[in-house]
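Residue-level structural notes
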Amino acid sequence: MPRFTHAISFVEEVAPFVRLCWEMGWNEANGGNVSWRLPTDEITAILRRRFPNARQHPAVPLPQPQPTLDGEYFLVTGSGQFFRHALDHPDEVFGIVQIVDNGTAYRRVWGYVMGGSPTSEFATHLVGHAIRKRVSNGRERIVLHCHAPEFIALSFLVPLDSRALTMALWQKMPECIVIFPDGVRVVPPLLPGTVTIAEASAVELEKSRIISWSHHGIFASEENPERVFALVETIEKASAIHRKVLSAGGPQRGIGQDLLIELADHFSAMLVCEPAFLKDAG
Ligand code: 2HA
Ligand code: ZN
């Protein structure tokens, strides 16, 4: 495959991952969305240099003000856009917006060339960004929402309970407790794109980078496209193993509590936080 290039380095970096999400079967048609909080100095320099005559767009009010994100720039997939088209039509699939007016509105600054606007889930993404920016001291910058099939399947098979889901996944592969010690936090089935699901998600995002929108998909926060992809990939792999095990009659055993404790100790330098579910269970 020829290397993908783009005038905006952030589009060049994220678009191949977005396309890969479609290839993985995680983002059919217009399913899913991604938003990336860009470093302000870098993106303003790029926009000034590459698009000096960009037109000023009007401010659009946000349903939930986010004062801690005022002034921030976000690269966001457009409403109704297909992940499959990320490499062929990046200027349609993606746009860049800036949060303005003390966090009460956004305005488009680049992209969405066929018209359009950020994803219908943008308000929820901003809730996620505001919380995870604070909790991670600014490390986490990108939110990815996918309809990962094995992960969704589990919401029909296991209790809608954060501990039960997390333990089931941790017990399937040694990597899991190391890669997501914060666990997966479950949000009940709620209407997508609403303030209600955003508020329920906010409660869980205080505790983990990863939430399950039950019967709908995964919503995960990380530092950059590579890392958020790897996080979802690992969770989806463990979900597939768990689903296979359930399909074969259910687990006869799992990676035991002692080995989970050893794993968390041995790789403690790599963990983003203490594995709270493990400690509570022990
Ligand atoms: O279609 O995935 O959650 C976009 C979505 C809504
Ligand atoms: Zn969705």
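Read on for a plain summary of the structure.

Here is what the cut-offs are and how they apply
- Residues numbered from 1 in each chain as written.
- Chains lettered and ligands numbered in written order.
- Predicted model: local features only at pLDDT ≥ 70, side-chain atom pairs only at ≥ 80, totals over all residues.
- Heavy atoms only, no water.
- Helix = DSSP H or I, 4+ residues; strand = E, 2+ residues; numbered from the N terminus.
- Rg over C-alpha atoms; globule rule 2.2 N^0.38 Å.
- Buried < 20%, exposed > 50% of the residue type's maximum accessible area, 1.4 Å probe, protein only.
- Contact = heavy atoms within 4.5 Å.
- Areas by Shrake-Rupley, 256 points an atom, 1.4 Å probe, with all protein chains shown as cover.
- Axes fitted to C-alpha atoms, helices over the stretch in contact; angles between N-to-C directions.
- Parallel < 35°, antiparallel > 145°, perpendicular 65-115°, else oblique.
- Left-handed = near helix turned anticlockwise from the far one by under 90°.
- Nonpolar A, V, L, I, M, F, W, Y, C, P; charged D, E, K, R; others polar.
- Near = heavy atom within 4 Å.
- Polar contact = N/O pair within 3.5 Å; in protein donor to acceptor, adjacent residues only side chain to side chain.
- 1 Å grid on protein atoms, 1.4 Å probe; cavity = no way out; pocket = protein on both sides within 12 Å on 5 of 7 lines; lining within 4 Å.
- Points joined across faces, edges and corners; volume = space filled by probe spheres on them.
- Phe/Tyr/Trp six-rings, centres within 6.5 Å; stacked < 30°, edge-to-face > 60°.
- Lys NZ or Arg CZ within 6 Å of the ring centre and 35° of its normal.

**A short note on the overall build of the protein**
- Within the protein, the secondary structure is distributed over eleven helices and nine strands.
- The C-alpha atoms of the protein give 19 Å as radius of gyration, which agrees with the globular expectation for 282 residues (19 Å, within 12%).
- Overall size of the protein, expressed as C-alpha extent along the three principal axes, is 65 × 40 × 35 Å.
- Here the protein holds 282 residues, and 52% of them are scored as buried.
- Look at the contacts in the protein between residues 6 or more apart in sequence, and 74% of them connect residues 24 or more apart.
- In the structure as shown, the protein presents an accessible area of about 12700 Å², 53% of it carried by carbon and sulfur atoms.

**A word on the packing of helix 4 (residues 122-135) against helix 8 (residues 195-205)**
- One way to put it is that helix 4 packs onto helix 8 with a least axis distance of 9 Å and a crossing angle of 20°. With respect to helix 8, the axis of helix 4 lies roughly parallel. Our pair here, helix 4 against helix 8, has a crossing hand that is right-handed. Only Ile197, Ala198, Ser201, Ala202 and Leu205 of helix 8 make contact with helix 4, whose side of the interface consists of Thr124, Val127, Gly128, Ile131 and Arg132.
- Each residue belonging to the contact of helix 4 with helix 8 can be placed in one class, and the counts come to six nonpolar, three polar and one charged.

**Let's talk about the site of ligand 1**
- Near ligand 1, the surroundings consist of Asn30, Gly31, Gly32, Asn33, Glu121, His145, His147 and His216.
- Interatomic distance of 3.1 Å between a backbone N/O atom of Asn30 and an oxygen atom of ligand 1.
- When the free accessible area of ligand 1 is taken as 220 Å², the share hidden by the protein chains comes to 82%.
- The residue inventory of the shell around ligand 1, partitioned by class, reads no nonpolar, seven polar and one charged.

**Digging into the layout of surface pockets**
- Roughly 240 Å³ of volume is contained in the largest pocket.
- Lining the largest pocket, in full, are Arg139, Val178, Ile179, Arg209, Glu222, Glu226, Arg227, Ala230, Leu231, Thr234, Met270 and Val272.
- Listed by contribution, the elements that provide at least two residues to the lining of the largest pocket are helix 7 (175-179) and helix 9 (225-247).
- Looking at the lining of the largest pocket residue by residue, the class counts come to six nonpolar, one polar and five charged.

**A few points about the packing of helix 1 (residues 9-23) against helix 9**
- Their axes nearest at 9 Å, the elements helix 1 and helix 9 cross at an angle of 20°. Put simply, helix 1 runs roughly parallel to helix 9. The chirality of how helix 1 crosses helix 9 is left-handed. Taken together, the residues of helix 9 that come into contact with helix 1 (itself represented by Glu13, Val14, Phe17, Leu20 and Cys21) are Pro225, Glu226 and Phe229.

**With respect to the packing of aromatic side chains**
- Across all of its chains, the model carries eight aromatic pairs by this definition.
- Each residue in the set Phe17, Trp26 and Phe229 is aromatic and connected to the rest through ring pairs, giving one cluster.
- Over the aromatic face of Trp22 sits the side chain of Arg84, whose NZ or CZ is 5.8 Å from the ring centroid.

So yeah, pure geometry; function would need other evidence.
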